[in-house]
Amino acid sequence: MLIVDDEPSHIQGLVRHIRWAELGYDPPVTSESAEEAVEMLRETEFDVLISDVSMPGMNGIELVDRAKQLHPHIQVLMISGYNEFEFVQDAIHVGAQAYVLKPLKLEEVGARLTAFRATIEKRRQVVEQTSELEKKVSGSLKLVKERFVHDLIAEMPPTGELLASWSELLELPDIERGFQAIVFGLDSFGSAGREAKERVLLGSGFKQTVEVALSDLEKAYLAQTSPDEVVALHVNPTSEEQAKLEKQLIFVQGMMRDRFGVQVTIGCSRIAANWEDAALIYKETKFAMAKARLVEDGQIVRYDGGDSSEFKDYRLREEWMPNIVRLMEEGDSAKVGDYLNRILDLLLSQEPVSFSYMQAFGMSFLSELIRTLKWKDAPEGEINILMWRRMLDCGSTGQIVELLVEYVDRYMRIEKKDKLHQQHHLIRTIADFIGERLQESWTVKQLAEQFGLNASYLSVLFKREMGKTISEFVQETRIQRAIQLLQDPNIKVYEVADRVGIQTTAYFTYLFKKLVGSTPQEYRDHRYDADGD
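What you are looking at is a predicted structure, and each value in this text was computed from that prediction instead of being measured.

Participant: Where do I start with unusual backbone geometry in this structure?
Facilitator: Of all residues except glycine, most have a negative phi; of all peptide bonds, most are trans. Of the consecutive residues K102 and P103, the connecting peptide bond is found in the cis state with omega at -5°. As for its position among the elements, P103 is in the loop between β5 (98-101) and α6 (106-139). The phi torsion at E171 lies on the positive side, around 55°, for a residue other than glycine. Position of E171 among the secondary structure elements: in the loop between α8 (160-170) and β6 (179-186). Overall, the relative accessible area of 65% leaves E171 in the exposed class.

See the structure below:
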């Protein structure tokens, strides 16, 4: 605990009358100047800082700012008078957690310190638990393997750096005979009638059954990806292991049927040669399982790649198009371009692709985009008809690819331009609204409600458009207006403060000096001196 106040009697009152030990604090360290307190903060990591707002030299706001730079997690309690409330607003802006008004009520101070103590203890618990979790993760090979599988079958393939880090952590074997994905799926898991307890027990028993069944496979990595699905990656499978695996698949189905009365569909992928193919063979297997379930539950399905064009159509319809439309609507051009390139690379690199197939793919792709997206800069259908004609005129796979990239890129440029124009107009309207009401105190939440926006979104948009926060804009606008008013010698300084919406002359003087470099009176005197008046 560090207490800073230029009035020794105030410090002694806190030291003597607060029951520090009962609140869980050591006897406080004290200082009568902010400058001295900064030196103490450099040497000692304090948990709590109590500071007066108004002090000669460095004031309490500047002290809090410096304290937060040195110790970001320090808890700060500000002490202020009733006429210094705007100082406190600035203090909270730079990181103070709470304030109390003079004359101090000991029970109120104690309540704040008790709350601080709880926050400090929770943070320490989080740090300790995180450290303990790191130890457990390092020591739990099963948990690490599960996370590895999750990363491999994620929507976006893992990067080379991520694979290298996993290889080092798990000492992954070289892939000599490839690897296979085995997907175990509970049939009808989401059927109505299952109670929550039954679903939890079923999911847990399912995972345990698969783990026991595959425990003899030396290089198998398992993960329960959802309550009704377990995925195993079997690396470098030998003929002997493959034979054992066949028996274990039947074992899993039998155990789940006998123990829980449920069916399990199991999908076995083709053999893949690279870790980067894990996500693809997982999706291929899921596709084959979905087809098999249309006929009958409880099958063992083997995907050999024979219906790859049907699988690609399925991915286009169920995965690629929804994802790229979502990214386009979000407006992130880089992500859209990256995702489209991944789709095209996947189509063109796996096998020789006929021109007729690529043209059919292009037509399907355009159809989905036209169905879900709307152009804002042309008569309805004009651009789409043009694109259809150009697609039919394409004479090679390369031209089709270029046309699809052009279509997406053009949409993104038009959409981005339109969105930026709307945002620019909206923020300028809000800025004008603020400027016209400087004497009123509007919070970000109130402004957001006034314009039908989320408060956090408004803050981000405003900072991006104006290069400053709403609070900074309000302060700077008030001071610019004050500079204009100070040029009229008939308006008193306190009247200027009131006209720009600052309630106290003390805070107006502080803020003016902070932004202009001199007090309002000094600025006025200097201006008249410079003009020869």
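Participant: Quick question: what am I supposed to make of the packing of helix α3 (residues 34-43) against helix α4 (residues 60-70) here?
Facilitator: In a packed pair of helices, the relevant descriptors are the angle between the two axes and the axis-to-axis distance. Running from N to C, α3 and α4 cross one another at 5°; their axes reach a closest spacing of 10 Å. Classified by the angle their axes make, α3 and α4 are roughly parallel. Counting all contacts with α3, which are made through A34, A37, V38, L41 and R42, the residues of α4 involved are L63, R66, A67 and L70. Its residues assigned to classes, the contact of α3 with α4 comprises seven nonpolar, no polar and two charged.

Participant: What am I meant to see in the packing of aromatic side chains here?
Facilitator: Both the distance between ring centres and the angle between the ring planes are used here to describe each pair of aromatic rings. Following the criterion strictly, the structure yields 11 aromatic pairs and no others. Ring centres of F148 and W275 lie 5.3 Å apart, and the angle between their planes is 80°; this geometry places the pair in the edge-to-face category. On the criterion of sequence distance, the pair formed by F148 in helix α7 (residues 141-152) and W275 in the loop between β9 (264-268) and α11 (278-293) is long-range, its members being 127 residues apart. W275 carries the same exposure label as F148, and that label is buried. Put simply, the rings of F148, W166, F179, Y221 and W275 pair up and form one aromatic cluster. When the ring centre of Y221 is taken as origin, the NZ or CZ atom of K145, which lies over that ring, is 5.1 Å away.

Participant: Looking at this structure, how should I read the sheet that holds strand β3 (residues 48-52)?
Facilitator: Two pairing modes exist for strands in a sheet, parallel and antiparallel, and in both the strands are linked by backbone hydrogen bonds. Sheet architecture is open: five strands sit in the order β2-β1-β3-β4-β5, paired in parallel fashion. Looking along the sheet, the strands with just one partner apiece sit at the ends: β2 (29-31) and β5. Neighbour-to-neighbour, the strand axes of this sheet turn through a mean angle of 15°, independent of strand direction. The sheet contact formed by strand β1 (residues 2-4) and β2 spans three bridges and is parallel. Across the sheet, the residue bridging to L2 is V29, located in β2.

Participant: Looking at this structure, I do not really get the nonpolar core. What am I missing?
Facilitator: Nonpolar side chains in soluble globular proteins tend to be buried together. Residues L2, L49, L63 and F508 are the most contacted members of the largest nonpolar core, which totals 38 residues. Contributions of two or more residues to this core are made by β1, α3, α4, β4 (75-80), α5 (85-94), α19 (470-486), α20 (493-499) and α21 (505-516). Ignoring any residue separated from it by four or fewer positions in sequence, one finds L63 in contact with V4, A34, A37, V38, L41, L49, S51, M55 and M58. In terms of nonpolar packing, the next biggest core, distinct from the first, is built from 27 residues, L327, I400, Y411 and M412 among them.

Participant: Would you take a moment to explain the pairing of β3 for this structure?
Facilitator: Working note: regular strand, side chains alternate between the two faces of the sheet. The buried count for β3 comes to five of five residues, which makes it a mostly enclosed element. What you see with β3 is no split at all: V48, I50 and D52 on one side and L49 and S51 on the other are buried throughout. Sheet topology places β1 next to β3; three bridges connect them, and they run parallel. Paired with V4 across the bridge in β3 is S51. Relative to β4, β3 runs parallel, the two being bridged by five bridges. Paired with I50 across the two strands is L77, which belongs to β4. For the crossover that starts at β3, traverses α4 and ends in the parallel β4, the hand is right-handed.

Here is what the cut-offs are and how they apply
- Residues numbered from 1 in each chain as written.
- Predicted model: local features only at pLDDT ≥ 70, side-chain atom pairs only at ≥ 80, totals over all residues.
- Heavy atoms only, no water.
- Helix = DSSP H or I, 4+ residues; strand = E, 2+ residues; numbered from the N terminus.
- Buried < 20%, exposed > 50% of the residue type's maximum accessible area, 1.4 Å probe, protein only.
- Axes fitted to C-alpha atoms, helices over the stretch in contact; angles between N-to-C directions.
- Parallel < 35°, antiparallel > 145°, perpendicular 65-115°, else oblique.
- Contact = heavy atoms within 4.5 Å.
- Nonpolar A, V, L, I, M, F, W, Y, C, P; charged D, E, K, R; others polar.
- Phe/Tyr/Trp six-rings, centres within 6.5 Å; stacked < 30°, edge-to-face > 60°.
- Lys NZ or Arg CZ within 6 Å of the ring centre and 35° of its normal.
- Pairing = 2+ DSSP bridges.
- Core = buried A, V, L, I, M, F, W, Y, C linked by side-chain atoms within 4.5 Å.
- Right-handed = clockwise from strand over helix to strand, strands pointing away.

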